[in-house]
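Below, each chain spelled out in residue letters.
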Amino acid sequence: MNLLLLRLIAGRLVMGLVSLLAVSVVVFTITGLLPGDAAQEQLGQDATPEALAALRQQMGLTQSGPERYLQWLSGSVQGNPGKSTVSGAPVADLIGSRLPNSLLLAGFTAAISVPLALVLGILCALWRGSWFDRAASMGAVAVVSVPEFLVATLAVLIFAVHLRWLPALSSSADVSSFGHMLKSFAMPVLSLACVIVAQMMRMTRAAVIDQLRAAYIEMVKLKGATPARMVLAHALPNAVGPIANAVALSLSYLLGGVIIVEVIFNYPGIAKLMVDAVAQRDMPLVQACAMIFCAAYLILVTVADLCSIVANPRLRHQ
Amino acid sequence: MSTPAAIEPEVASATSAAPAARAVPRLSRWSRSGLLGLVVLAFWFFIAAAGPWLLPHSATDMGAAGVFEAVSFTHPFGTDYLGRDMLSRIMDGARYTIGVALIATLLACAAGTLLGLLAAVNGGWFDAALSRLLDTVVSIPSKMLALVIVAAFGSSVTLLVAMAAIVYTPGCYRIIRSLAVNINAMDYVTVARTRGEGRAYIMVREILPNITGPLLADMGLRFVYVVRLLASLSFLGLGIQPPAADWGSLVRENLGALAMGGASVIAPALAIATLTIAVNLVIDNLPGTAQAARDDH
């Protein structure tokens, strides 16, 4: 049985890699092949034909599309995705200096959101139909259905402007002490957490309530168990798989949220780097950042899948 | 390769809605929250359609008033960072936020439905190839795909419409295909086939009428996604370009007003929130669906 499980997991991992490869083809086709002559773009309309030809040669634009893709791919895998067309700096260095900041932001947010969302989601399932459940669910629907930047803007308005608890801008560059760091981190983490918690709470609640419809819960009820015992001792252990799945999927919303939050708070992370690169049409940088985000997304989705495979024996027979 | 259905978890709620007896139910069958959603939605669509003729002030005139003026009788939502009337800016922006999103949603749903029906009726390699291709697009987060397309092609209004349509076609395709595959296996479709009807007839006359309910619900959800995506892009400065402005750009432009109480930030933010929440209310309360039945008691 364990062998079967291992094979399934390995299969899922290979599938993730194949998806990532397919995504890289799409990303490179859109950014590298379709827009036309990058050398012309970089030099402008009044470039001499010689300069154009030289730059084309240097950028490898004389080769065919598939050749350029393979070159870019092998370079990226070896940690050298090319040079920024705007600043001329190696893309790897630009990303290397920003990535830790983003990971720190995402890690902080996840560390706060996951326990909070689980507790809220389980409480909602426990007291479903109560005013608490209604209020929390309504709040979650409202947060989930508006764009992330509204939640972030609202958080600034409440916590930084009206209550004056926290500074509105953050930058991890001017951090002198731990307390200082916590303060400059608080707003971005708080806004991001609002979005994630709402998602995760909804999915956790749904996962637990789904279990409550099962036949064994009927039996538990007939035996006269209290609602708390029914949810915590019987439904919850069986919902661990779906909940783990929900957590991993909700964390993928971090990726979308992080873009908005880094821009709104001027946070020196990789998402801000990418948005600036898009505005300046710095293709090598856009490609590299996009691939990092897509890889992170696919990893989370794959983890979510693995959680449900491990937790649900029925999925192992497909 | 079967990409997990859970990739876009929100999509699931559209499929779970059982087909309603009528695609658009009578007003009397709507619940109270559903009606509220309908009213707000109708209001915004009216503003988007008639807005340009109703503006109390010019949406671009920055002479008369001061910058970031507070709420007053002449300027119910205050003025923006250049002294323009916020109410007029919002009414003008409705055209972009709602118009662009509506066209993109219709395009995405039309393309997704057509491809989904074709895949279901043809099956075989056509279905397999199309599904794999669109699965790849789905495994790119929508915001990431949007950024990549905007980086490559710029952000004219035409491009934004095309971009949003491309981003959301695969999601619609998957739902329509899975519904259509089931209906394609029904006896009455087999009968039609035996009768010698062509593929186009089966797609349009046999399958399409049986999936209009879920299709409409999915269209509503997708409209919300498109509004959110385009507003987010504009907020990042990569969507609708000035001097034109949708509600996302209005929030971005006036972020400076936050420190001063910020009517000019809150008003466009509220406009987006009421629009998206109204659509969600309508979808969640579509009469005849499982969701509505659950909320009724």
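Reading the values: the criteria
- For every chain, the first residue of its written sequence is number 1, and the numbers climb from 1 along that sequence.
- Ligands are numbered from 1 and chains lettered from A, in the order in which they are written.
- The predicted nature of this model means local features are confined to residues of pLDDT at least 70 and side-chain atom pairs, given and counted, to a pLDDT of 80 or more, with totals for whole chains, interfaces and linings taken over all residues.
- Water and hydrogen atoms were dropped before computing side-chain values, which therefore reflect all heavy atoms in the structure.
- Helix numbers and strand numbers start at the N terminus; a helix is a DSSP run of H or I with at least 4 residues, a strand a run of E with at least 2.
- Each residue gets one of three labels from its accessible area relative to the maximum for its type: buried under 20%, exposed over 50%, partly exposed in between, using a 1.4 Å probe on protein chains only.
- Whether two residues touch is decided by their heavy atoms; if any such pair falls within 4.5 Å, the residues are in contact.
- For accessible areas, the Shrake-Rupley method is used with a probe of radius 1.4 Å. Any residue's cover is judged against the shown protein chains and nothing else.
- Buried area is understood as the total, over both parts, of accessible area removed when two parts are fitted together, assessed with a 1.4 Å probe.
- When a carboxyl oxygen of Asp or Glu lies within 4 Å of a side-chain nitrogen of Lys or Arg, that pair is called a salt bridge.
- Polar contact is the term for a pair of N or O atoms within 3.5 Å; when the atoms are in protein, one must be able to donate a hydrogen and the other to accept it, and sequence-neighboring residues count only if both atoms are side-chain atoms.
- Stacked, edge-to-face and tilted labels apply to pairs of Phe, Tyr and Trp rings (six-membered ring for Trp) whose centres lie within 6.5 Å, assigned for plane angles under 30 degrees, over 60, and everything in between, in that order.
- An expected span of 1.5 Å times one less than the residue number is assigned to each helix.
- Here, nonpolar core refers to any group of buried Ala, Val, Leu, Ile, Met, Phe, Trp, Tyr and Cys residues whose side-chain atoms link them within 4.5 Å.
- Between the N-to-C directions of two axes lies an angle of 0 to 180 degrees, each axis being a line fitted to C-alpha atoms and, for a helix, fitted only over the stretch in contact.
- With respect to orientation, any angle under 35 degrees is reported as roughly parallel, any angle over 145 as roughly antiparallel, any angle of 65 to 115 as roughly perpendicular, and every other angle as oblique.
- Amino acids are sorted into nonpolar (Ala, Val, Leu, Ile, Met, Phe, Trp, Tyr, Cys and Pro), charged (Asp, Glu, Lys and Arg) and polar (every other residue, Gly among them).
- Values of pLDDT, ranging from 0 to 100, describe the predictor's confidence in every residue of the model.

Asker: Looking at this structure, I do not really get the overall build of chain B. What am I missing?
Answerer: Counting its secondary structure elements, chain B contains 12 helices and zero strands. Along chain B, helices and strands appear, N-terminal first, in the series α-α-α-α-α-α-α-α-α-α-α-α. For chain B, the residues scored as buried account for 55% of the 297 residues in total. Within chain B, residue pairs in contact and separated by at least 24 positions form 71% of the contacts whose partners lie at least 6 positions apart. Surface accessibility of chain B: about 12,600 Å² in total, with carbon and sulfur atoms responsible for 66%.

Asker: Would you mind going over the interface of chain A and chain B with me for this structure?
Answerer: A common way to report how large an interface is uses the accessible area buried once the components associate. Chain A puts 47 residues into the contact, and the matching count from chain B is 44 residues. Between chain A and chain B, the buried area comes to about 3,900 Å², and carbon and sulfur atoms account for 79% of it. Contact with chain B buries area across many residues of chain A, yet S145, F149 and Y297 of chain A alone supply 14% of it, more than any other trio. The interface formed by chain A and chain B includes one salt bridge. Close ionic contact of K143 of chain B with E148 of chain A constitutes a salt bridge, the shortest N to O distance being 2.8 Å. Between chain A and chain B we count four residue pairs in polar contact (both at pLDDT 80 or more) in total. Of all elements in the fold, only α1 (2–33), α6 (131–145), α7 (148–162), α8 (178–212), α11 (253–264), α12 (270–280) and α13 (283–311) of chain A reach the threshold of two or more residues within the side of chain A that touches chain B. The leading source of residues in the side of chain A that touches chain B is α1 of chain A, at 10 residues.

Asker: Even after reading the chapter, I still don't get the packing of aromatic side chains, so can you show me in this structure?
Answerer: Two descriptors summarise a pair of aromatic rings, namely the distance from one centre to the other and the angle between the planes of the rings. Residue and element names in this part refer to chain A. If you walk through the whole model with that rule in mind, you get 11 aromatic pairs over all chains. Consider the rings of W131 and F132, whose centres lie 6.3 Å apart with planes at 85°: the pair is edge-to-face. Ring-pair connections join several aromatic residues into one group, and the members of that group are F28, Y69 and W72.

Asker: I tried to follow the environment of V86 of chain A on my own but got confused; where do I start?
Answerer: Residues and elements named next belong to chain A. Residue position: V86 is located in the loop between α4 (65–77) and α5 (91–126). Each C-alpha atom of the pair V86 and V161 lies 37 Å from the other, and the pair is 75 residues apart in sequence. Excluding anything up to four places from it in sequence, V86 contacts Q280 and D282.

Asker: Mind showing me how you'd approach helix α4 (residues 124–138) of chain B here?
Answerer: A turn of α-helix holds 3.6 residues, and therefore any two residues three or four places apart point the same way. Helix length check: α4 of chain B (15 residues) gives 21 Å between terminal C-alpha atoms against 21 Å at 1.5 Å per residue, within 8%. Along α4 of chain B, the residues that are buried comprise D127, L130, S131, L134, D135, T136, V137 and V138 of chain B.

Asker: Where do I start with the pattern of salt bridges in this structure?
Answerer: Proximity of charged atoms lets side chains of opposite charge pair with each other. Residues and elements named next belong to chain B. Counting across every chain of the model gives 13 salt bridges over all chains. Across the pair R195 and E197 runs a salt bridge whose closest N-O atoms are separated by 3.2 Å. Note on R195: relative accessible area 48%, which makes it partly exposed. Via salt bridges that share partners, R132, D135 and R174 belong to a single interconnected network.

Asker: Could you clarify how one ought to interpret the nonpolar core in this entry?
Answerer: Generally speaking, a soluble globular protein has its nonpolar side chains buried in company with each other. Counting 150 residues, the largest nonpolar core has V208 and M274 of chain A together with M163 and W247 of chain B as the members making the most contacts within it. The contact partners of M274 of chain A, leaving out residues within four places of it in the chain, are V286, C289, A290 and F293 of chain A together with M144, L147 and V148 of chain B. With 16 residues, the next largest nonpolar core counts V121, L179, I202 and I211 of chain B among its residues.

Asker: Can you walk me through the side chain of K272 of chain A in this structure?
Answerer: Residue and element names in this part refer to chain A. Structurally, K272 is set in helix α12. On the basis of relative accessible area, K272 is assigned to the buried category, the value being 17%. Setting aside residues no more than four positions away along its own chain, K272 makes contact with R98, E262, V263, N266 and Y267.

Asker: Just to check I follow, could you spell out the environment of S145 of chain A for this structure?
Answerer: Assignment of secondary structure puts S145 of chain A in helix α6. Using a relative accessible area of 2% as the deciding quantity, one classes S145 of chain A as buried. In this view, S145 of chain A contacts V224, R228, T276, I277 and N280 of chain B; residues no more than four positions away in its chain are not counted.

Asker: Help me out: how do you make sense of helix α5 (residues 142–153) of chain B in this one?
Answerer: Residue and element names in this part refer to chain B. Its 12 residues give α5 an end-to-end C-alpha distance of 16 Å, which sits within 8% of 16 Å, the value for a rise of 1.5 Å per residue. Of all 12 residues in α5, 10 are buried, a share of seventy percent or more. Listing the buried residues of α5 in full gives K143, M144, L145, A146, L147, V148, I149, V150, A151 and A152. Phi turns positive, to about 80°, at G154, one or two residues after α5.

Asker: Quick question: what am I supposed to make of the side chain of Q287 of chain A here?
Answerer: All names here are of chain A. Along the chain, Q287 turns up in helix α13. Judged by relative accessible area, which is 6%, Q287 ranks as buried. In this structure Q287 touches V27, F28, T31, G32 and W72, once residues within four positions along its chain are discounted.

Asker: For this particular structure, what's the right way to read the packing of α11 of chain A against α5 of chain B?
Answerer: When two helices pack together, you describe them by how their axes are tilted relative to each other and by the distance separating the axes. α5 of chain B packs onto α11 of chain A with a crossing angle of 55° between their chain directions and a minimal axis gap of 8 Å. Taken as axis vectors, α11 of chain A and α5 of chain B run oblique relative to one another. Within the contact between the two elements, α11 of chain A uses G256, I259 and I260 of chain A and α5 of chain B uses K143, M144 and L147 of chain B. Tallied by class, residues from the contact of α11 of chain A with α5 of chain B come to four nonpolar, one polar and one charged.

Asker: Mind showing me how you'd approach the environment of Y267 of chain A here?
Answerer: All names here are of chain A. If you trace the backbone, Y267 turns up in the loop between α11 and α12. Judged by its relative accessible area of 0%, Y267 is buried. Between the C-alpha atom of Y267 and that of R98, which follows or precedes it by 169 residues, the distance is 9.7 Å. A polar contact of 2.7 Å, which involves the side chain of Y267, links it to the backbone oxygen of N101.

Asker: Just checking my understanding: could you explain unusual backbone geometry for this structure?
Answerer: It is generally the case that most residues other than glycine have a negative phi and that most peptide bonds are trans. With a phi close to 55°, R281 of chain A is a non-glycine residue in the positive phi region. Examined against the element boundaries, R281 of chain A turns out to sit in the loop between α12 and α13.

Asker: Please clarify how the confidence of the model for chain B should be interpreted in this entry.
Answerer: Where the model shows low pLDDT, its predicted coordinates should not be examined in detail. Residues and elements named next belong to chain B. On average, residues of chain B score 78 in pLDDT, and 78% of them are at 70 or above. Here helix α1 (residues 11–16) stands out as the least confident element of chain B, with mean pLDDT 40; helix α6 (residues 157–184) is the most confident, with 89. Confidence drops under pLDDT 50 across residues 1–21; counting only partners more than four residues distant or on other chains, this segment forms 43 contacts. Every residue in residues 290–297 scores below 50 in pLDDT, and together they form eight contacts with partners more than four places removed in sequence or on other chains. Among the prediction metrics, the complex's ipTM stands at 0.81, with pTM recorded as 0.81.

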